[in-house]
Amino acid sequence: MESFLHKDFDVQPKHLSAEASSNWRRAVGRVVKNPARRFRHVADLAKRAEAEKKKKQIQEKIRVALYVQKAAMHFIEAGDSQPATEKRDQLEYKLSEEAEKEGFSIHPDELASIIRSHDTKVLEIHGGVDGILNKLAVAPDEGVKGSSIPTRQNVYGLNRYTEKPPRSFLRFVWEALQDLTLIILMVCAVVSIGVGIGTEGWPEGMYDGVGILLSIVLVVLVTAISDYRQSMQFKDLDREKKKIFIQVTRDGKRQKVSIYDLLVGDIVHLAVGDQVPADGLFISGYSLLIDESSLTGESEPMNVYEKKPFLLSGTKVQDGSGKMLVTTVGMRTEWGKLMETLSEGGEDETPLQVKLNGVATIIGKIGLAFAVVTFMVLTVRFLVEKALSNEIMNWSSTDAMTLLNYFAIAVTIIVVAVPEGLPLAVTLSLAFAMKKLMNDKALVRHLSACETMGSASCICTDKTGTLTTNHMVVTKIWIGERSIDVSGNKSTDIVKLEISGALDILLQVIFQNTSSEVIKDEGKTSILGTPTESALLEFGLLLGGDFDAQRREFKIIKMEPFSSVRKKMSVLIAHPHGGVRAFCKGASEIVLGMCNKVIDCNGETVNLSREEANNITDVINSFACEALRTLCLAFKDIDESSINNDIPDDGYTLIAVVGIKDPVRPGVKEAVQTCLAAGITVRMVTGDNINTAKAIARECGILTEDGLAIEGPKFRNLSPAEMNAVIPKIQVMARSLPLDKHTLVKNLRNTFREVVAVTGDGTNDAPALHEADIGLAMGIAGTEVAKESADVIILDDNFSTIVNVARWGRSVYINIQKFVQFQLTVNVVALMINFVSACVSGDAPLTAVQLLWVNMIMDTLGALALATEPPNDGLMRRPPVSRGTSFITKAMWRNIIGQSIYQLAVLGVLNFRGTQLLGLTGSDATDILNTVIFNAFVFCQVFNEINSRDIEKINIFRGMFDSWVFLGVMVCTVAFQIVLVEFLGAFASTVPLSWQLWLLCIIIGSIGMPVAVVLKCIPVESKVKPPEGYEAIPDGPPADLV
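Note that this is a predicted model, so its numbers are computed, not measured.

Our next topic: a nonpolar patch on the surface. There is a patch of nonpolar side chains on the surface, built from Leu383, Ile392, Met393 and Trp395 and spanning about 420 Å² of accessible area. With respect to the helices, strands and loops of the structure, Ile392 is situated in the loop between helix 15 (351–388) and helix 16 (397–417). For Ile392, a relative accessible area of 34% corresponds to the partly exposed category.

See below:
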């Protein structure tokens, strides 16, 4: 079976090719009872191809519009004396009275047309960006007024896109009814009712047919309810995925709003990694570089500035920062039209879904063969008996009913044998896990990530915000040739006293060289920005600085935002008294290397000697060894005669070295130990100083005595052979670039065959997130670009949450294995008991109605019981499942075969010798025996379901009473079985049983539990060598405490 699965049903968890998707679909063939249901959660390749075609058409349309606009600009720039006011488009737009009353004087369609076509000439006619601001009744510093929000929504629309309406419950009922075998059984039931009433009269003649119909109704309803609940869970998750927030200015205050609450006229603040949330116009900013590839297909990023102010929804900010005016929202944007196509075709199927489709295909073919043979055997025996009785030419309605029942039994065997529930159980388990993870602050964006995370053998994690709290505060500062502890107001006064000569320049570098803002609202001061910048601004405010006054006094000429490549942030400002000054802050050794002067203890600028530079390096290292994040702050005065608006890279004067404390998160050390015990290697990849990284790594338990800490520059200069020798030992990589992280991940996956999870928060982390088996983006610190490239978003940026995702991933994998073991056992026993009985006695002990009930026990209810069990601590005390491992393990085959042999032996004895063994006499002896066989069979499955809770361990009761879903399914199964046997005998072909026979059935079923204990004592798996660093957590207390 495994060779067949590896050949056609082995797919990659990410970046699944269309060829691989087509291959496994072809391999499934026509052995599918209900394609609409079975393939609901896999990609529709035809729709996806159509959507891709639409997407390319839209991209081509946008690209052509841009080329036409560029050509028009060449003609305009060549010289055109005709006044702009005479070139206005002849198309007239009529505004509503409501819009004019509110002060709006431009139509939404006209605005959309200007932005979409990048029409600078029409924009000029309207007075440029300032003119559009006036026509939208917006001031750039005030933004939209709260009172105008309802009118703006009515006139200019909402920033929402057309979505498919959700499927109703009746749609799921209809899809469940599309099952071919159920349709055949319904036809059989109707014929049975007609023939039965004609031969046996009313109401006896209708019981068999009505019993089948009622069973079908029950199966359809239970299936539809389960599927509907799944769809609701996915709908909730999709809603969470779409929660994107953006910073805007409204009522003069900077605030965060959902992109879906964005209005035409909003002033949006854009930063590196943001997604442009609507069409708009550039107002102001610095070095704004936009990636339009998602919209136009062009890979070359575009510079946006005053002369090229157009911004399109769905594009990404690759570099720089800026403010934009929202002009077009929702379906008026090209991105809105594109969004309609993005949801077409569905999501890629997961490896487990594909693999279980393969298992279902194999079993389905076997079951189909058994069904055909069973029908042929029963029919041939019946015909032979008629021939021996010389009645071959005499046919009655009773004979027709007998053949019809044989056909119904054969069809029902197909119902049981083709396990449609296997692939759907994966979806059910994943939906359950994703919902629980959502509650635990992890948003799974792609289904496959949840199951892949269970196989993760390595986690490459960031430091800041993931291992640490990301609540930063300045605790030390080196300035004026001395180090000062900063804690409390008293120390702040000392700092102000001791650095009085450099205080002004220190406050300037803090308040000018920042992309964050200090917001004052009703006497409360808050800071909007990154944690590092917030810590510096808080320190500046403690020193008595005034953010607003500083910003008013100086004019910013140019800014280079911080990036993980530059590792610094720089700004160029115009001094009010003349001259230009550059400020720089960033990674200590980088900024220190750009300095040739330093401010001394007297506040004077002096040359930076080699000896002094070494002393400062020692200070930086001493701060770093205390697990402090270090930054250098520097400035440079530039002669106006040499200004070309380029920010210099050398000749700076060092102002201060700042030490920022970012404490390790509570529970991180325990989470790291859990990973190590689970065979998961944890590696820290950070841009921080190596001494800071080592100190934090030791505190977290990541860096051990035999582990290696390496710096990014050294790592990237290694030869391939040296890199392969070093990588297994790396536990910390400091001062790394995003390219270093990508290289590390690529080597771990391709060379060492590791299943790698990697965290990222910046725009430049996107390649590593894309390359990894599981990309984990930070929900708080992460950019929209990083989140879009990730498979899972860690909403609280906490490493413990990552470990929880791994725990649930393992739970999904093991739960599906449990369900497969349970279902295969039921399949084998149900097929064999009916087949053997048909061959030997010419009759099948399990009727169509009974088999439909068994199918529901093992399919929908079995999946609910076993595929939704929560994880237990034992899951994180075993090595991860490596690539290429057989899904159906030897231990599973041992349990399946052992339980099947026991059940077949017991049921076979009852079938052929049950009347004598139980002392049954009278006309109803056969009916009683068949009811006992059916009842014993069901109880065997009930107890086998409990046995399946753990494939290898004997204690199968651990955590059972904490799983209310499992207990609920067990109670419902037993309760309905009692009703079926005692009260619905006319429909289910059963008779009421005495308490002694009920007890016998329960004992027969319960014996399966000691049988399972014996089976689990049989060794079948060879000892797997655990991964490097694996250390099991002891189950019991230390020996010295016993």
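Now, onward.
All right, on to helix 32 (residues 799–841) then. It helps to recall that an α-helix has 3.6 residues per turn; residues three or four apart then point in one direction. The end-to-end C-alpha distance of helix 32 is 63 Å, a good match for the 63 Å that 43 residues give at a rise of 1.5 Å each. Taken across its 43 residues, helix 32 has 36 buried, putting it largely inside the fold. Between the side-chain oxygen of the N-cap and the backbone nitrogen of Ser800 there are 3.0 Å, and the N-cap of helix 32 in question is Asn798.

With that settled, consider helix 39 (residues 1008–1016). The complete set of buried residues in helix 39 reads Gly1008, Met1009, Val1011, Ala1012, Leu1015 and Lys1016. Down the axis of helix 39, the sector holding all buried residues measures 155 degrees, keeping them to one side. Lining the buried residues of helix 39 we find helix 34 (890–918), helix 35 (925–947) and helix 38 (995–1006).

Leu185, Met453, Ile774, Val792, Phe799, Ile816 and Val820 are the most contacted members of the largest nonpolar core, which has 155 residues in total. Top element by residues in this core is helix 32. It accounts for 19 residues. Filtering out sequence-adjacent residues up to four positions away, Leu185 remains in contact with Ile212, Ile216, Ala408, Val411, Thr412, Val415 and Leu852.

One face of the sheet, then the other: side chains in a regular strand alternate in exactly this way. Of all seven residues that make up strand 10 (residues 473–479), five are buried, and the element is covered over most of its length. Sheet topology note: the strand 10/strand 11 (residues 482–485) ladder contains four bridges and is antiparallel. Looking across to strand 11, one finds that Lys476 is bridged to Asp485. Connecting strand 10 to the next strand, strand 11, in antiparallel fashion are two residues, including Gly480 with a positive phi near 60 degrees.

On to the confidence of the model for the protein. Looking at the protein, pLDDT values average 83 and 90% of them are 70 or higher. For the stretch residues 80–90, pLDDT sits under 50, and the model shows 10 contacts to residues farther than four places along the chain or on other chains. Under a pLDDT of 50 for its full length, residues 1024–1042 has, in the predicted model, 21 contacts with residues more than four places off or in other chains.

Two numbers describe how helix 2 (residues 18–28) lies on helix 15: the axes approach to 9 Å, and their chain directions differ by 20 degrees. With respect to helix 15, the element helix 2 is oriented roughly parallel. Handedness of the helix 2/helix 15 crossing: left-handed. Of the residues in helix 15, those touching helix 2 at Trp24, Ala27 and Val28 are Val354, Asn357, Thr361 and Lys365. Tallied by class, the residues present in the contact of helix 2 with helix 15 amount to four nonpolar, two polar and one charged.

If you walk through the whole model with that rule in mind, you get 10 aromatic pairs. Taken together, a centroid distance of 5.9 Å and an interplanar angle of 75 degrees make the contact between Phe172 and Tyr228 edge-to-face. With a gap of 56 residues between them, Phe172 in helix 10 (residues 169–176) and Tyr228 in helix 12 (residues 207–241) connect regions that are remote in the sequence. Overall, the relative accessible area of 28% leaves Tyr228 in the partly exposed class. Aromatic side chains Phe511 and Phe547 sit 5.9 Å apart centroid to centroid with 85 degrees between the ring planes, which places their arrangement in the edge-to-face category.

Below, the discussion takes up empty space enclosed by the protein. Here the structure, examined in full by the defined rule, presents five cavities of 30 Å³ or more. As a volume, the second largest cavity reaches approximately 60 Å³. Elements represented by at least two residues in the lining of the second largest cavity include exactly helix 12, helix 17 (421–439) and helix 33 (848–866). In terms of residue count, the dominant contributor to the lining of the second largest cavity is helix 17 (four residues). In the lining of the second largest cavity, the residues fall into four nonpolar, four polar and three charged.

Quick look at the sheet that holds strand 22 (residues 708–711) now. By way of backbone hydrogen bonds, the strands of a sheet pair with one another, either parallel or antiparallel. Read across the open sheet, the eight strands follow the order 8-26-25-24-9-21-23-22; overall the sheet is mixed. Both edges of this open sheet fall to strand 8 (442–444) and strand 22, since each of them pairs with a single strand only. Pairs of neighbouring strands in the sheet enclose a mean axial angle of 20 degrees, with direction left out of account. The pairing of strand 22 with strand 23 (residues 730–734) spans four bridges and is classified as parallel. Bridge pairing in strand 23 places Leu708 opposite Ile730.

Scanning the model with the defined rule gives zero disulfides in all. Unpaired in this structure, Cys450 has its nearest cysteine sulfur neighbour in Cys675, at a distance of 16 Å. The class of Cys450 is buried, set by a relative accessible area of 0%. Cys940 supplies the cysteine sulfur nearest to Cys1001, a cysteine that is in no disulfide, at a spacing of 9.0 Å.

So, how was this worked out
The numbering scheme is per chain: residues are counted from 1 as the chain's sequence reads. Totals for whole chains, interfaces and linings use every residue, but because this is a predicted model, local features are given only for residues with pLDDT of at least 70 and side-chain atom pairs only at 80 or more, for both listing and counting. Note: side-chain values were computed over all heavy atoms of the structure, leaving out hydrogens and water. What makes a patch is a set of residues exposed beyond 30% relative accessible area and free of salt bridges, joined within 9 Å when like-charged and within 5 Å when nonpolar (Val, Leu, Ile, Met, Phe, Trp, Tyr). All accessible-area figures derive from a Shrake-Rupley calculation using a 1.4 Å probe, and residue coverage is judged against the displayed protein chains alone. The salt bridge criterion pairs a side-chain nitrogen of Lys or Arg with a carboxyl oxygen of Asp or Glu, the two atoms within 4 Å. Here a strand is any run of E in DSSP of at least two residues, a helix any run of H or I of at least four, and the numbering for each starts at the N terminus. Note on classification: 1.4 Å probe, protein chains only; a residue is buried when its accessible area is under 20% of the maximum for its type, exposed when over 50%, partly exposed between these limits. Multiplying 1.5 Å by the residue count of a helix minus one yields the expected span of that helix. Throughout this description, a polar contact denotes any pair of N or O atoms lying within 3.5 Å of each other; where both atoms belong to protein, one of them has to be capable of donating a hydrogen while the other can accept it, and for residues adjacent in sequence the pair is counted only when both atoms sit in side chains. Think of it as the arc spanned by the lines of direction from the helix axis to the C-beta atoms. When checking whether two residues touch, look at their non-hydrogen atoms; a contact exists if any pair is within 4.5 Å. Residue types Ala, Val, Leu, Ile, Met, Phe, Trp, Tyr and Cys, when buried and joined through side-chain atoms within 4.5 Å, form a set referred to as a nonpolar core. DSSP calls a pair of strands paired once it identifies at least 2 bridges connecting them. For every residue, the predictor states its confidence as a pLDDT score lying anywhere from 0 to 100. Only the stretch in contact is used when fitting a helix axis, every axis being a line fitted to C-alpha atoms; angles between N-to-C directions are given from 0 to 180 degrees. Orientation categories follow fixed angle ranges, with anything under 35 degrees roughly parallel, anything over 145 roughly antiparallel, 65 to 115 roughly perpendicular, and all other angles oblique. In a left-handed crossing the near helix is turned counterclockwise from the far helix by less than a right angle, and in a right-handed crossing that turn is clockwise. The classification used treats Ala, Val, Leu, Ile, Met, Phe, Trp, Tyr, Cys and Pro as nonpolar, Asp, Glu, Lys and Arg as charged, and all other residues, Gly among them, as polar. A pair of Phe, Tyr and Trp rings is counted when the ring centres sit within 6.5 Å of each other, with Trp represented by its six-membered ring. The angle between the planes then sorts it: under 30 degrees is stacked, over 60 is edge-to-face, the rest tilted. Grid spacing is 1 Å over the protein atoms alone, the probe is 1.4 Å, and a cavity is where that probe fits but cannot get out, while a pocket is an open set with protein on both sides within 12 Å along at least five of seven lines and lining residues have an atom within 4 Å of a point. Grid points are joined across faces, edges and corners, and a volume is the space filled by probe spheres set on the points. Cysteine sulfur atoms are paired as a disulfide whenever they fall within 2.5 Å.

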